[in-house]
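What the coordinates show
Here's the letter readout for the chains.
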Amino acid sequence: MSKKTYVALLALTFAFLGFISSCQTQEEIKRQKYITEGILLYQNNCANCHQRDGKGLAALYPPLAGSNYLAKKDSIIHIIRHGQQGPILVNGKRYNRPMPPQTHLSDLEIAEIVTYIYAEWGNSDKIVDVKYVRNVLNK
């Protein structure tokens, strides 16, 4: 491929991406960014126990996929930041493994993880904004 063809193809690609992104609202673009970052953060901080597919690990760690516990968004945010000690009931099943606090995660990173979790397993197309996370954590 000649340099001229390559430059033309590159310009066409950027024009197409600009056209596609112009069809999305700023909120949708922001949500997609949160989800993209959330996937990476989930895989690095959560998937070891809750697994990549969100189904948990046998009787040790509760599932996120199909979990009735996702109805408690504020609790999810608190558990990510502060951890969980003692028994927890998810989908009628009792789990009693501690979850360590994820104090190394910023409020924004928690917002991104929660946005991803709810997009993937909570049937939500809404962003969980960092402002919401801050409000929940400051209660």
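Just so you know, these numbers come straight off a predicted model, no measurement behind them. (Residues numbered from 1 in each chain as written. Predicted model: local features only at pLDDT ≥ 70, side-chain atom pairs only at ≥ 80, totals over all residues. Heavy atoms only, no water.)

Here the focus is helix α6 (residues 130-137). Think of an α-helix as 3.6 residues a turn; residues three or four steps apart then line up on the same face. The complete set of buried residues in α6 reads V130, V133, V136 and L137. What you see down the axis of α6 is that its buried residues fit within an arc of 120°, all on one side. In α6, those exposed residues whose orientation departs by more than 90 degrees from the buried face are K131 and N135. Contacts from the buried residues of α6 go to α2 (26-45), α4 (73-82) and α5 (107-121). Its side-chain oxygen 2.8 Å from the backbone nitrogen of K131, D129 forms the N-cap of α6. (Buried < 20%, exposed > 50% of the residue type's maximum accessible area, 1.4 Å probe, protein only. Helix = DSSP H or I, 4+ residues; strand = E, 2+ residues; numbered from the N terminus. Arc of directions from axis to C-beta. Contact = heavy atoms within 4.5 Å. Polar contact = N/O pair within 3.5 Å; in protein donor to acceptor, adjacent residues only side chain to side chain.)

What follows deals with the packing of aromatic side chains. Taken as a whole and judged by the stated rule, the model has three aromatic pairs. The interplanar angle of 70° and the centroid separation of 5.5 Å between the aromatic rings of Y116 and W121 together place this pair among those described as edge-to-face. On the accessibility criterion, W121 (14% relative accessible area) is buried. Following the ring pairs from residue to residue traces out a cluster consisting of Y42, Y116 and W121. Stacked on the ring of Y118, the Lys or Arg K73 has its end atom at 4.9 Å from the ring centre. (Phe/Tyr/Trp six-rings, centres within 6.5 Å; stacked < 30°, edge-to-face > 60°. Lys NZ or Arg CZ within 6 Å of the ring centre and 35° of its normal.)

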